[in-house]
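Single-letter residue listing:
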Amino acid sequence: MAAAGAEAAAEEEKRLPEGDPESGGDSDDEGDSDSSGDGEDEEKENEAEIQRLEEQLSINAFDYNCHLDLIKLLRQEGELVKLRRARQKMSELFPLTEEIWLDWLKDEIKMASEISEREKVYELFERAVKDYICPEIWLEYAQYSIGGIGQEGGIEKVRSIFERALTAVGLHVTKGTALWEAYREFENAILETAQPAPGSIPSPEQQQVLCSQLEKIHTLFRRQLGIPLLDMEASYAEYEEWSEEPIPETTIKNYKKALQQLEKCKPYEEALLGAETPKLAEYQAYIDFEMKAGDPARIQLIYERALAENCLVPDLWARYNQYLDRQLKVKELVLSAHDRAVRNCPWTVGLWIRYLLAMERHRVEHSIISEMFEKALNAGFIQATDYVEIWQAYLDYLRRRVDFTQDSSKELEELRSAFARAVEYLKQEVEERFSESGDPSCTIMQNWARVEARLCNNMQKARELWDNIMTKGNAKYANMWLEYYNLERAHGDTQHCRKALHRAVQCTSDYPEHVCEVLLTLERIEGTLEDWDAAVQKTENRLARVNEQRAKAAEKEAALAKQEEERAEQRKQARAEKKASKKAKKTRIGDKRKADEDDEGEWGQEEELPSKRHRGEGDGVLPEEDMEVETGLFGRSENPDGPTAPKEKASTSRKDIPKVLHDSSKDKVTVFVSNLSYTMAEPEAKLRELFGSCGEVVEIRAVFNNKGTFRGYCYVQFREEEAARQALALDRTAVEGRPMFVSPCVDKNKNPDFKVFRYSTTLEKHKLFISGLPFSCTKEELEEVCKAHGNVKDIRLVTNRAGKPKGLAYVEYENEAQASQAVLKMDGLTVKDHVIKVMISNPPLRKLPERPEPGRASLALAPRHIYGARGKGRTQLSMMPRALQRQSNPVAKAENGMVQNSPAASSDPPAEPKKMSNADFAKMLLKK
C-alpha cells in the first residue's frame, strides 16, 4: 500500500500543472485560462501521438525509433505504468543503450522505497549489465548496492558486485580507474567503522578485523597497480602515502610492467579519442594489437568497447563471435554474445546461423533452438536468399539429430516435416514478399532427396522430389539432369538411370551434347544392342534438331547484323552529305570573307560571326572553340603582329598577362575546379573567397578563351597539401545555381583511367535509391517523407551538370533495419502525383568503353580534342588554315586545361616539335 501511495503521489506530482493557483501566485485569471487551454491542447496532442506510436508498433514491433519516441513521450507525460511496459517491450527486442538504461534505472530508483522494490531494481541492473560492457552502469550498480548495506549480508553483496564489475570493466584503460577507486573508498569506509574508540585498547577480535580490512585495501592497491590504467602514477603515489609499510618489490615490478604496457596502449587510446564516429578502423587496429598480445580478457574487453559504439555493424559482431567460438568456448559468454548480436542486427542472416550452430555446439535444449529459429524467421531479412540460408542451417541441425540406423523415429519425422514446411514457406511467404522464392535451383528439395536416398534408402520419395524439381523450370538445364542421374547411379538402378537420361536428351537446351554423350557412355557399358541403337537414334535426332535451331538462330542474328550494318551505312552517308553541305557553305562564306579582307587591306580585321549560346547559361556566349589556342593557364597573351580590333576590345583586361605553363610538380597542392558558370564575373575573386576557408590560396588560374570569356574551369593552388585535401570537400557545392565540381589535379595523359567519383558504387544496405520523384521535390520535403521510417543521416538529390534535378535521390539511414523497413513502406508511394520507386542502393556496374588498339589513332576522339567537349557547333566555322589542317600529326591532348598545339610537319621525326602560340600562327599565315 505504501509503495502504491508513493507511486501515485509521484505521478500526481509530475502531472501538477505549473500554473496551479495553489502555488501561491496572484496570477491573472485570463492568463491562467490561456495557459490551461494550451496545456490541455498539448496533452491531447501527446495522447494522440502516443496512440499513433502504439498502433505503429503493433504493426511493426521492430521499429527502433518508434520505441524511442514512445518512451520519450510517456516519460514526459508521467505515465509510469505504460512507460514500464514500453521499456520492457523494447528491452525484449533490442539491447538498450547506456543512456536508455541509466534513465530507466534512475526512474525506478526514485520509486523504490521497500525491500521488494529494491530487489526489482537489482534485477533491472542485472539485465542492464548484460546488454553492453558499460563502466557507468556498473559503477551505478555498485553505488546503489551500498544503500542496502544494512541488510543481512549487505557488505558481502556489495563486495560481490564490485568484484564482478572489476572482472567486466576493471581492465578498461580510460574508465577502469573510477571503479577501483570506488571499491577502495568503500573498503576504507568499512575500515573507519572497525576502528576502536580513541584511547581504548582493541580486543584481539577487533585487532584481527582491522588487520583483515587493512589487507583487503592493500590487495586492492596491488591488483590495481598491476593493470595498465590511465593516471597509474597518481594511484602509486596514493598507495605510497597511505601505506605505513614499504611497497613490496613484487608490486613495484608489476607496476613498472603495467606502465610499459600502458605506453604501448596509449597510441591506440589517443587514436580513439581523436577519431570520429564510428572509429571502426581505430578499433580494429586496437583489436589486432591485443590479439597479438594474446590476453583473452583484454581482447574481450576491446571487442566489447568497439561494439558498444558500433552495435549495428554485423561484421564486427561476426568477428567477435568467431573469436569466442574458437578461442574462449565458455558457454555463458558465447551464447550471451550471440544473443546480443542477433538482437542488434536481426536482419543479418549470418549472425542467426552462427547462433544456431553455437547453441547446438553447447548442447542447448532442442525446444530453445527451435524457438530461436522461429524468431529468426520473423526477423525481417532483406533478401529472399537469406530465408533459404536460415532454413538450410536449421534443416542441417535437425538432420544431425536423427539416428538413421532406426527405420523410423520422432526426429526423422520432424526432419521430413521441416523439409516440407521449408518448401511451402519459400513458395508462399517468401515468394509473396520478394516475387521470388530465393531458391530457383531447389537446393532444399535436392538435399531432401539426397537424405531420402542415401540415409533413408527411400529412392521412391527421392524420385518424387526430383520430379517436382524438374517441373519448376529446371528441366532445360543439363547439370540438373546429371545431378539426378548421379543420385540414381549411386542409389537407384540402371533402368531409372536410362529413363532419366532419355528425358534429359529430350528436354535439355543448354548443353544437349553433354547429356547425349553421358547416355551413349551408359549404353556402351551396360546396354544391349537394342538400347544402343535406340540411344544413337535419339541422340542423332535431337542433335540434328538442335543444330537446325542454332542455324536458324544464326541466320536471324546475321540478318539483324546486316540490317544494323545497312542502318550504320545510311547514317554514315547522311553524315557525309551533311558534312559536304557544311563544307560548301564554309567555302562560300570564306570567299565572301576573303573579299572583305581585300577591301580592308589587312588580314585579321574580319567581323566576328554570332557565336552560339551555351546550353543552360542564359545569355552567356560560347566562344568559337576552333579559334581557341590557349597560351597559358591564365588565358591568352597579346598578339603583337596582327591584333584585331574586336579582340583588343574583348581582352583588354587580359592581354598583358604573361604566358604561364602548368607546373606538374605542384599537382598535389592544386585542385581542378569545373562546371562553373561561363558568365561568372571575376572568377578569381569569387573562388578565392570560397576556397579561403580551406587554407592559404597561392594562386587561382582561371582559363579564358581568345576573346577573354571565362571557360567555366580553373586551377586553385594552395600553400599546403592538407588545404588541397580539404578543398575536395567543396565538391558539388552550388555556385551561382550550378554544382561546382572539385577534383584532384591529375595529368590524364599519365593516368588515363583516373576518375573521381565520391559515392559508393557497391551494395549499401543502409542506403536507399529513390526514382520517379517530381522535379520540384526539395531535400526538405523528401526528408519529411523519409524520417517517418527511421533516422535519416543524409539525403542527396541527383542533378545534372546545370544543377537541375533528375528525379532521383539517395537516402542514407542509420542502419540496415531502418532502410529495409523504409523500402517496404515507401515503395509505390505517391509524392506530388508521382509514384516513386524505392530500393536498396546497389548501382549496376559501369561498362568500360573499349580502348583503341595501340598504335591506331582513334578518329572518333579527335574532334573532341579539336573542337571541345561537345564537338564543333553547328554555326561555328573552322578558322584554321588548310595548310595546317593537312598536318598528319595527331592533335595533342589538353593537359590540365592547357592545349598543346600540333607541331608543324617536319621531315625529321626524332626532332622535338616546337610549341606554337597564337602569335606564331598569325606570323606564319601573314608570310604566305
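In case you missed it, the structure is sitting above this.
Being a predicted model, the structure only gives us computed values, none of them experimental. (Residues numbered from 1 in each chain as written. Predicted model: local features only at pLDDT ≥ 70, side-chain atom pairs only at ≥ 80, totals over all residues. Heavy atoms only, no water.)

## Describing the packing of aromatic side chains
Centre-to-centre distance and the angle between the planes together describe a pair of aromatic rings.
(1) Moving on: Applying the stated criterion across every chain yields a total of 31 aromatic pairs.
(2) Moving on: Between the aromatic rings of Phe691 and Phe718, the centroid separation amounts to 6.3 Å while the plane-to-plane angle is 65°, which identifies the pairing as edge-to-face. Residue Phe691 is found in helix 28 (residues 683–691), and its partner Phe718 is found in strand 3 (residues 710–718); the two are separated by 27 residues along the sequence.
(3) Moving on: An aromatic cluster of at least three residues, connected via ring pairs, comprises Phe373, Phe381, Tyr387, Trp391, Tyr394, Tyr397, Tyr425 and Phe434.
(4) Moving on: Against the face of Tyr144 rests Arg118, its NZ or CZ located 4.3 Å from the ring centre.
(5) Moving on: Looking at Arg732, its charged tip hangs above the ring of Phe741, at a distance of 4.6 Å from the centre. (Phe/Tyr/Trp six-rings, centres within 6.5 Å; stacked < 30°, edge-to-face > 60°. Helix = DSSP H or I, 4+ residues; strand = E, 2+ residues; numbered from the N terminus. Lys NZ or Arg CZ within 6 Å of the ring centre and 35° of its normal.)

## Topic: the sheet that holds strand 8 (residues 805–813)
(1) Moving on: The antiparallel open sheet is built from four strands, whose spatial order is 7-8-6-11. In the strand order of this sheet, the two ends are held by strand 7 (792–799) and strand 11 (837–841), each with one partner. Going across the sheet, the axis of each strand differs from the next one's by a mean of 25°, ignoring polarity.
(2) Moving on: In this sheet, strand 8 lies alongside strand 6 (residues 764–771) in antiparallel orientation, the contact comprising four bridges. Residue pairing for strand 8: Lys767 is matched across the bridge by Glu812.
(3) Moving on: Sheet strands in contact with helix 30 (residues 779–786) are strand 6, strand 7 and strand 8, and its direction is about 135° off that of strand 7. (Pairing = 2+ DSSP bridges. Axes fitted to C-alpha atoms, helices over the stretch in contact; angles between N-to-C directions. Contact = heavy atoms within 4.5 Å.)

## Let's talk about the sheet that holds strand 4 (residues 733–735)
(1) Moving on: Sheet architecture is open: five strands sit in the order 2-3-1-5-4, paired in antiparallel fashion. Bordering the open sheet on either side are strand 2 (697–704) and strand 4, each of which pairs with just one other strand. Each neighbouring strand pair of the sheet contributes to a mean axis angle of 30°, computed without reference to strand direction.
(2) Moving on: With four bridges joining them, strand 1 (residues 670–674) and strand 5 (residues 738–744) adopt antiparallel strand pairing. Across the sheet, the residue bridging to Val673 is Val742, located in strand 5.
(3) Moving on: Sitting on the sheet, helix 28 is in contact with strand 1, strand 2, strand 3, strand 4 and strand 5, with an inclination near 140° to strand 2.

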